[in-house]
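Chain and residue survey
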Amino acid sequence: NEVVEKPKDVTSKYIKNNKQWKKLVVQRAVSNGDIACIDGRKADLRLYILHCPNGLVYYYPNAVVRIAQEVYSGKDDMKIESQLTNVSIGGNIIEGKQWNLFCEALPSISELLNRVVSQSMDWFQIGRCELIGVDVMLDQAGNPWLIEMNNSPQMGGHGTPYLFRLKMLKEMLH
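Owing to the predicted nature of the structure, the values given are computational and were not obtained by experimental measurement.

Among the nonpolar cores identified, the biggest contains 26 residues, and L45, L47, V65, W99, F102, I109 and L138 are the most heavily contacted of them. At 9 residues, the largest contribution of residues to this core is made by helix α2 (residues 100-119). If sequence neighbours within four positions are ignored, F102 has contacts with L45, L47, P61, N62, A63, G96, K97, I109 and L138. The next biggest cluster of nonpolar side chains, apart from the first, holds 10 residues, and it includes Y48, L50, C52 and M172.

Dropping the structure here:
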């Protein structure tokens, strides 16, 4: 993929992919360091969207909550261990339904996922079944912020528990 600006007559940001212009989802980052934390450690969410061959799209109403290894000390904190929530560098994971803020924010997260799907339908391939990982961060007020979408999301392994993911796949595919 080559990130480029679309011709000047178009105001949105686009990416050129296989000689086609595709619209990007662009937003501001969580500002002022108001990132939701668990026990003082930064956390983000991995949610899953299933795009079916018939064009229907489903999302699973739970998430993998990834928690940073060290305590986050605010917007000036630049330590990798407090910034990254990757399990591979010592972070931890829990099921979304174990975090009250996730449960309270689920309606807003659903709205965000609906907007993301409607804005990115041209990324999905017609006639194919695709599982998309959507990474979201919550601010302290429970507002969801899109981090990224992954077309090949990690489902576990590397010593991490599968949590609800096997159950999720069975439910989504049947």
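This is not the end of the story, as more comes after the structure.
Moving on, we get to the side chain of T85. With respect to the helices and strands, the residue T85 is situated in the loop between α1 (80-83) and β8 (92-95). A polar contact is formed between the side chain of T85 and the side chain of D44, at a distance of 2.9 Å. Sequence-distant contacts of T85, that is, excluding residues within four places in its chain, are made with K42, A43, D44, R66, I67 and A68.

Attention now goes to the pairing of strand β10 (residues 144-150). Across 6 bridges, the pairing between strand β9 (residues 130-138) and β10 is antiparallel. Residue pairing in the sheet places L138 in a bridge with P144 of β10.

Restricting attention to buried positions, one finds in helix α3 (residues 165-173) the residues R165, M168 and M172. Around the axis of α3, the buried residues are gathered within 50 degrees of arc, so they sit on the same side. Across from the buried face of α3, at angles greater than 90 degrees, the exposed residues are L166, K167 and K170. The inward-facing, buried residues of α3 abut β5 (41-51), β6 (57-59), β7 (64-67), β8 and β9.

Our focus in this paragraph is the side chain of R46. By the element assignment, R46 lies in strand β5. Residue contacts for R46: discarding those within four places in its chain leaves A63, V64, R66, G133, V134, D135, N150, P153 and Q154.

A separate point is the pattern of salt bridges. Where charged atoms from two side chains of opposite charge approach closely, those side chains can pair. Scanning all chains against the criterion turns up 5 salt bridges. A cluster of three or more residues bridged by salt bridges with shared partners is formed by D44, R46, R66 and D135.

Moving on, we get to the confidence of the model for the protein chain. For the protein chain, per-residue confidence averages 78 on the pLDDT scale, and 76% of positions sit at 70 or higher. Across the protein chain, the element-wise mean pLDDT spans from 43 in strand β1 (residues 2-4) up to 94 in strand β4 (residues 37-38). For residues 1-12, every residue scores under 50 in pLDDT, and the model assigns this stretch 15 contacts once sequence neighbours within four places are set aside.

With that settled, the discussion passes to the environment of M137. Mapped onto the secondary structure, M137 falls in strand β9. In this structure M137 comes out as buried when scored by relative accessible area, which is 12%. The contact partners of M137, leaving out residues within four places of it in the chain, are I35, K42, A43, D44, N143, P144, W145 and I147.

Time to look at the environment of M172. Along the chain, M172 falls in helix α3. Classification of M172 by relative accessible area gives buried; the value is 12%. Separated by 113 residues in sequence, M172 and Y59 place their C-alpha atoms 8.4 Å apart. If we ignore the near neighbours within four places in the chain, the residues touching M172 are Y48, I49, L50, Y58, Y59, Y60 and L131.

How each quantity is defined
- Residues numbered from 1 in each chain as written.
- Predicted model: local features only at pLDDT ≥ 70, side-chain atom pairs only at ≥ 80, totals over all residues.
- Heavy atoms only, no water.
- Core = buried A, V, L, I, M, F, W, Y, C linked by side-chain atoms within 4.5 Å.
- Buried < 20%, exposed > 50% of the residue type's maximum accessible area, 1.4 Å probe, protein only.
- Helix = DSSP H or I, 4+ residues; strand = E, 2+ residues; numbered from the N terminus.
- Contact = heavy atoms within 4.5 Å.
- Polar contact = N/O pair within 3.5 Å; in protein donor to acceptor, adjacent residues only side chain to side chain.
- Pairing = 2+ DSSP bridges.
- Arc of directions from axis to C-beta.
- Salt bridge = Lys/Arg side-chain N within 4 Å of Asp/Glu carboxyl O.
- pLDDT = per-residue confidence, 0-100.

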